[in-house]
Amino acid sequence: MKLEMKNIRKSFGEKQVLQGISLTAESGKALGLLGRNGAGKTTSIRILMDVFPADSGEVLFDGKRVSNGTVQFGYLPEERGLYPKKKIFDQLIYFAELKGMSHKHAAAAIDHWLDRLGMMEYRNKRLDTLSKGNQQKIQLITALAHDPQVVILDEPFSGLDPVNAKLLKDVVKEEIAKGKIVLFSSHQMSYIEEFCDSIAILNKGEIVLSGDLNTIKRNYPRNRLVVQSQQQREIKAAFGTACTQWENGSLMITLKSPEEKQAVMKRLTEQFDIDELKVFEPSLNDIFVEYAGAQN
């Protein structure tokens, strides 16, 4: 399966929110959609789901235009949309039937997910009796119970403790392994790095960087080495101004060119007691800060 946005433009009044964005997400992979608040992520998601139309451009699923009902989406929004005073099972049934499921199939699917997420004991309780993290898991069931082809997760780990975050990680990995198309939007870069094969960074309604995350990292100049050693003083003396120290205690050695890498690594391992030595690759957080930039 392949989901594509091609040259999507969208304005609200005089404000142009999306300026001709294009991206592709494929089955069995996760795409990280990144951007600062106001960059256009939510508008992009709503156009993908046909909540409202683009001014121009097209959304395609396996080469055909997406229209209402042709593609099953599962959406976990950042802002929750459940009924606090209603019983959990009743409203899960309601949402599943809205997605086209029969009552029988919806009940079976909901019980499966309640059990999978350790929530069966809350089946007949009101939503407002649950903790924020457990409410998040109920919201997740509304996104998955109807077995969608495309799963869109907007800040899915918000409010989850480490145990429940681990459970949600397992569920997301299972959905990817099933061949679903997964779109992942979060400001928690560690989760994006863990799940996403590719990224698209939005800035002021434009995609300023997209592609395979590992390839993007490797395209950065490979002229810096990260060193961990108990002989930091000696290494700094040997390399002078080319060697700086990070807050975490690691040393960074900047080479005149990437071609020096092997020779310098050999020198380090032969002359000093080295605990760790690697070529520096920027984190996704570094890349995001560089490309998201300031939005005035």
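Relevant structure appears above.
Residues numbered from 1 in each chain as written. Predicted model: local features only at pLDDT ≥ 70, side-chain atom pairs only at ≥ 80, totals over all residues. Heavy atoms only, no water.

Undergrad: Run through the overall build of the protein chain, naming residues and quoting values.
TA: Along the backbone of the protein chain there are 10 helices and 14 strands. In the protein chain, which comprises 296 residues, the share counted as buried stands at 46%. Sequence separation of 24 or more characterises 69% of the internal contacts of the protein chain that already satisfy a separation of 6 or more. Total accessible area computed for the protein chain in this model is approximately 15,200 Å², and 46% of it derives from carbon and sulfur atoms. Each charge class in the protein chain was averaged separately, 40 positive and 38 negative side chains, and the resulting centres sit 2 Å apart. (Helix = DSSP H or I, 4+ residues; strand = E, 2+ residues; numbered from the N terminus. Buried < 20%, exposed > 50% of the residue type's maximum accessible area, 1.4 Å probe, protein only. Contact = heavy atoms within 4.5 Å. Areas by Shrake-Rupley, 256 points an atom, 1.4 Å probe, with all protein chains shown as cover. Lys, Arg positive; Asp, Glu negative; His and termini not counted. Charge placed at Lys NZ, Arg CZ, Asp CG, Glu CD.)

Undergrad: Would you mind going over the environment of Pro156 in detail, with residue names and values included?
TA: Its place among the elements puts Pro156 in the loop between strand E7 (150–154) and helix H5 (162–177). Judged by its relative accessible area of 1%, Pro156 falls in the buried class. Along the primary structure Pro156 and Tyr94 are separated by 62 residues, whereas in three dimensions their C-alpha atoms are 22 Å apart. Every residue in contact with Pro156, bar those within four places of it in the chain, is listed here: Leu76, Gln136, Leu168, Phe184 and Ser185.

Undergrad: Requested: an account of H5, with residues and values cited.
TA: One full turn of an α-helix is made of 3.6 residues, so residues set three or four places apart face in the same direction. The end-to-end C-alpha distance of H5, which contains 16 residues, comes to 22 Å, matching closely the 22 Å that a straight helix rising 1.5 Å per residue would cover. Listed as buried for H5 are Asn164, Ala165, Leu167, Leu168, Val171, Val172, Glu175 and Ile176. Where H5 is buried, its residues contact strand E3 (29–35), helix H3 (103–116), helix H4 (132–144), E7, strand E8 (181–185) and helix H6 (189–195). For H5, the capping residue at the N-terminal end is Asp161, with a side-chain oxygen 3.0 Å from the backbone nitrogen of Val163. One or two positions beyond H5, positive phi appears at Gly179, with a value near 90°. (Expected span 1.5 Å × (residues − 1). Polar contact = N/O pair within 3.5 Å; in protein donor to acceptor, adjacent residues only side chain to side chain.)

Undergrad: Can you explain the sheet that holds strand E6 (residues 73–76)? Please cite residues and give values.
TA: One open sheet accounts for six strands, arranged E6-E7-E8-E3-E9-E10; its pairing is mixed. Strand pairing shows two members of the sheet lacking a second neighbour, E6 and strand E10 (206–212), which therefore form its edges. The average undirected angle you get between the axes of adjacent strands in this sheet is 15°. Pairing between E3 and E8: four bridges, direction parallel. Looking at E8, one finds that Ala30 is bridged to Val182. Against the sheet, H4 contacts E6 and E7, and its axis sits at roughly 165° relative to E6. (Pairing = 2+ DSSP bridges. Axes fitted to C-alpha atoms, helices over the stretch in contact; angles between N-to-C directions.)

Undergrad: If you had to explain a nonpolar patch on the surface to someone new, which residues and values would you point to?
TA: Nonpolar side chains collect at one region of the surface, where Tyr83, Tyr94 and Leu98 lie side by side and expose about 330 Å² of accessible area between them. For Tyr83, a relative accessible area of 41% puts it in the partly exposed group. (Patch = residues over 30% accessible without salt bridge, like charges linked within 9 Å, V, L, I, M, F, W, Y side chains within 5 Å. Salt bridge = Lys/Arg side-chain N within 4 Å of Asp/Glu carboxyl O.)

Undergrad: Summarise the side chain of Gln232; cite the residues concerned and give the values.
TA: Examined against the element boundaries, Gln232 turns out to sit in helix H8 (residues 232–239). Those residues in contact with Gln232 that lie beyond four places of it in its chain are Gln245, Gly249 and Leu251.

Undergrad: Before we move on, could you go through the pattern of salt bridges and cite the residues and values that matter?
TA: As enumerated under the stated definition, the model contains 17 salt bridges in all. In this structure, Asp128 and Arg126 form a salt bridge, with 2.9 Å as the shortest nitrogen-oxygen distance. Since its relative accessible area comes to 29%, Asp128 is described here as partly exposed. Taking relative accessible area as the criterion, Arg126 reaches 36% and is therefore assigned partly exposed.

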